[in-house]
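One letter stands for each residue in the lines below.
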Amino acid sequence: MQDKAKKLMHISTYGCQMNEHDSEIMRALLEESGYQWTDNIHEADLVVINTCSVREHAEKRVLGLLGNLKHQKEKKPGLIIALGGCMAQNPEIQEFIRKKAPYVDVVFGTRNYHKLPALIKEAEETMSNVFEPTCEDEEIPGILPVHYASRVKAYVTIIYGCNNFCTYCIVPYTRGREKSRPPKEIYEEVVRLADQGFLEVMLLGQNVNSYGKDLEEDINFAKLLKMLDRIPGLARIRYTTSHPRDFTDELIDTIADSEKVCEHFHLPLQAGSNNILKKMNRGYTREDYFKLTEKIRQRVPGASITTDIIVGFPGETDEDFLETLDLVRRVRFDAAYTFIYSPRYGTPAAKMKDDISQEAKKERLKELNQVQNQITLEINQAYEGKTFEILVEGRSKTNSDRWSGRTRTNKIVVFDGEEDLEGKLVDVEIECARTWTLFGFLKNEQKKRNL
Ligand code: SF4
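Residues numbered from 1 in each chain as written. Predicted model: local features only at pLDDT ≥ 70, side-chain atom pairs only at ≥ 80, totals over all residues. Heavy atoms only, no water.

Colleague: Which residues make up the pattern of salt bridges, and what values go with them?
Modeller: For the structure on display, the rule yields 36 salt bridges. The shortest N-O distance in the salt bridge between Lys76 and Asp45 comes to 3.4 Å. With Lys76 in the loop between α2 (56-75) and β4 (80-85) and Asp45 in the loop between β2 (35-37) and β3 (46-51), this pair connects stretches of sequence that are 31 residues apart. Accessibility expressed as a relative area gives 26% for Lys76, which makes it partly exposed. Between Glu132 and Lys115 there is a salt bridge, with its nearest N and O atoms 3.2 Å apart. (Salt bridge = Lys/Arg side-chain N within 4 Å of Asp/Glu carboxyl O. Helix = DSSP H or I, 4+ residues; strand = E, 2+ residues; numbered from the N terminus. Buried < 20%, exposed > 50% of the residue type's maximum accessible area, 1.4 Å probe, protein only.)

Colleague: Please provide a residue-by-residue account of the sheet that holds strand β12 (residues 264-266), values included.
Modeller: What the 3 strands build is an open sheet, ordered β12-β13-β14; its pairing is parallel. Every interior strand has two partners, whereas the edge strands, β12 and β14 (335-340), have only one. Within the sheet, the average angular offset between the axes of one strand and its neighbour, ignoring direction, is 15 degrees. Where β12 and strand β13 (residues 304-311) come together, 3 bridges link them in parallel fashion. (Pairing = 2+ DSSP bridges. Axes fitted to C-alpha atoms, helices over the stretch in contact; angles between N-to-C directions.)

Colleague: So what's going on with the nonpolar core? Which residues, and what values?
Modeller: Membership of the largest hydrophobic core comes to 103 residues, with the highest contact counts inside it found for Ile158, Leu203, Phe221, Phe265 and Phe415. With residues up to four places along the chain from it excluded, the contact list for Ile158 reads Lys179, Ser180, Arg181, Ile186, Leu203, Leu204, Val208, Tyr211, Phe221 and Leu224. Counting 22 residues, the second largest nonpolar core, distinct from the first, contains Leu65, Leu69, Met87 and Ile97. (Core = buried A, V, L, I, M, F, W, Y, C linked by side-chain atoms within 4.5 Å. Contact = heavy atoms within 4.5 Å.)

Colleague: Can you tell me about the confidence of the model for the chain, naming the residues and giving the values?
Modeller: Regions with low pLDDT carry predicted coordinates that are not meant to be interpreted in detail. Here the chain averages 93 in pLDDT, while 97% of its residues score no lower than 70. Contacts for the low-pLDDT stretch residues 446-451, under 50 throughout, to residues beyond four places or in other chains number 17 contacts. (pLDDT = per-residue confidence, 0-100.)

Colleague: Describe the domain arrangement of the chain, and please don't skip the residues or the numbers.
Modeller: When cut into domains, the chain gives domain 1 (7-132), domain 2 (153-381) and domain 3 (387-447). Each of domain 2 and domain 3 has a C-alpha centre, and these two points are 26 Å apart. Each side of the interface is counted separately: domain 2 has 21 residues, and domain 3 has 17 residues. With both sides pooled, the region where domain 2 packs onto domain 3 buries about 1,600 Å², and carbon together with sulfur makes up 48% of that total. Among the residues domain 2 hides against domain 3, the three largest losses belong to Leu199, Arg236 and Asn380. Together they make up 37% of the total. Linking domain 2 to domain 3 there are 4 salt bridges. We note a salt bridge from Arg408 to Glu263, for which the minimum N-O separation is 2.9 Å. Taken together, the connections running from domain 2 to domain 3 amount to 14 residue pairs in polar contact (both at pLDDT 80 or more). (Domains from an automatic or database assignment. Buried area = accessible area lost by both parts, 1.4 Å probe. Polar contact = N/O pair within 3.5 Å; in protein donor to acceptor, adjacent residues only side chain to side chain.)

Colleague: Which residues make up the sheet that holds strand β10 (residues 200-204), and what are the values?
Modeller: Judged by pairing direction, the sheet is parallel, and its 3 strands sit side by side in the order β7-β10-β11 without closing on themselves. Bordering the open sheet on either side are β7 (153-157) and β11 (236-240), each of which pairs with just one other strand. Sheet twist, expressed as the mean angle between neighbouring strand axes with direction ignored, is 25 degrees. Pairing of β7 with β10 involves 5 bridges; the strand directions are parallel. Considered in β10, the bridge of Lys153 is made with Glu200.

Colleague: Outline the site of the ligand, listing residues and values.
Modeller: Residues in close proximity to the ligand include Cys162, Asn164, Phe165, Cys166, Tyr168, Cys169, Val171, Pro172, Gln206, His243 and Arg282, which together make up its full environment. A per-class count over the shell around the ligand returns 7 nonpolar, 3 polar and 1 charged. (Near = heavy atom within 4 Å. Nonpolar A, V, L, I, M, F, W, Y, C, P; charged D, E, K, R; others polar.)

Colleague: Explain the pairing of β3 to me, using residue names and the numbers behind them.
Modeller: Judged by how many residues are buried, β3 sits mostly within the fold: 6 of 6 residues are covered. Side chains of β3 alternate between two faces, with Leu46, Val48 and Asn50 and Val47, Ile49 and Thr51 buried alike. Sheet analysis places strand β1 (residues 7-13) next to β3, joined by 5 bridges and oriented parallel. Of the residues in β3, the one forming a bridge with His10 is Val47. In this view, the connection linking β3 to its parallel neighbour β4 by way of α2 has right-handed handedness. (Right-handed = clockwise from strand over helix to strand, strands pointing away.)

Colleague: Got a sec to walk through the packing of aromatic side chains? Specific residues and values, please.
Modeller: The geometry of two aromatic rings is summed up by the distance between their centres and the angle between their planes. Tallied over the entire structure, the rule returns 9 aromatic pairs. Note on Phe221 and Tyr239: the rings are 5.4 Å apart at their centroids and 75 degrees apart in plane angle, and the pair reads as edge-to-face. Placement of Phe221 in helix α7 (residues 221-229) and of Tyr239 in strand β11 is noted, with a sequence separation of 18 residues between them. Of the two residues examined, Phe221 and Tyr239, each falls in the buried class. Arranged with centres 5.7 Å apart and planes meeting at 55 degrees, the rings of Phe247 and Phe265 form a pair that is tilted. On the criterion of sequence distance, the pair formed by Phe247 in the loop between β11 and α8 (249-257) and Phe265 in strand β12 is long-range, its members being 18 residues apart. One residue, Arg55, lies across the ring of Phe339, its end atom 3.5 Å from the ring centre. Sitting over the ring of Phe290, Arg330 keeps its end group 4.2 Å from the ring centre. (Phe/Tyr/Trp six-rings, centres within 6.5 Å; stacked < 30°, edge-to-face > 60°. Lys NZ or Arg CZ within 6 Å of the ring centre and 35° of its normal.)

Written out as structure tokens, the structure is:
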């Protein structure tokens, strides 16, 4: 119910899970400072846009939204507009806001979103624009309040920034160098989440495998997972994203021996040709990548492996693309998130000649998706007739009479069930597998208890 005395806020979030989690924190901070949430952007007194620069498409959508908000502000002059996230770190965008979109009141950086209530207050009091992008030496925020979007699984950031400088990627420039959170702080946060009844945590970072490299204590990602694996009450631990180059044997062994770390490996391949991998500065070869996936399959039988692939990177020949297809067929990914390359301003790849026509890029994407979708379907069909533990996340988005949850291998499973199963671990037998979803039924109507 709305409290009429309170101002309304809305946050539009683009991009990755890091952004989703930052928005959960911003929402909690704004609630603490007296705002109330509304789903309806048109009735908001404050609109925060948490942006993403990783793909051109997301940037275009943000610019479109800004255009709409300009009209909204003409009708409602008291509307406050705040722009944060990766786009806000881009000097070109800052220049654009100053010259062409002065109706944006606050521009804030990727690591100072915790200052948002103060920045909004400053903009209101001074009636002028406030620019506060993140500086390189900005301290990482400690424990902050969070408005969790789910009551089943919670995001926990473990490391900020990235040191890898893949040539196509804007993230190291917008989110800065790697900074790990202290392990004690992470541990305490996860204990608190388990006590609150969350059964799953998703550990977040641009490259979680780098965790701890910048800390003085004797800690790395494998050791952190071992610590968290012992927390009572928690059922599942996931993480994203992990760089294939930094996926050590110690880490594979830790996951294989753990109870709670899920058997799902998301390893962005990006390209299957050594020529392109080198141009991307990925730090591994196709042979290294294949060997890694083989090792994972030996140590963690039944694990799922998913990936990200870019097609049409500058200089990608037909032969390079065929090598990507070949590796996709050999590894047999459970799923792949596939993208057409688009240059990102300020990255080394943006200076390379973007010499692949849009038609060729689209053609390659189509072919890649056809190959991958067939593999995904075949792998999913092998689930038919078998029973899996499902963590129920809520009602199915496509059929609200049914429940939806995930296997430990991160497959979405939809099934029938009468009672409130959200947040429960249940056994479901898979009856029918499709490319994106598995359909099943509750086994013996037997529900497991909340841990
Ligand atoms: S690892 Fe590469 S792709 Fe991932 S965030 Fe860092 S620079 Fe970007």
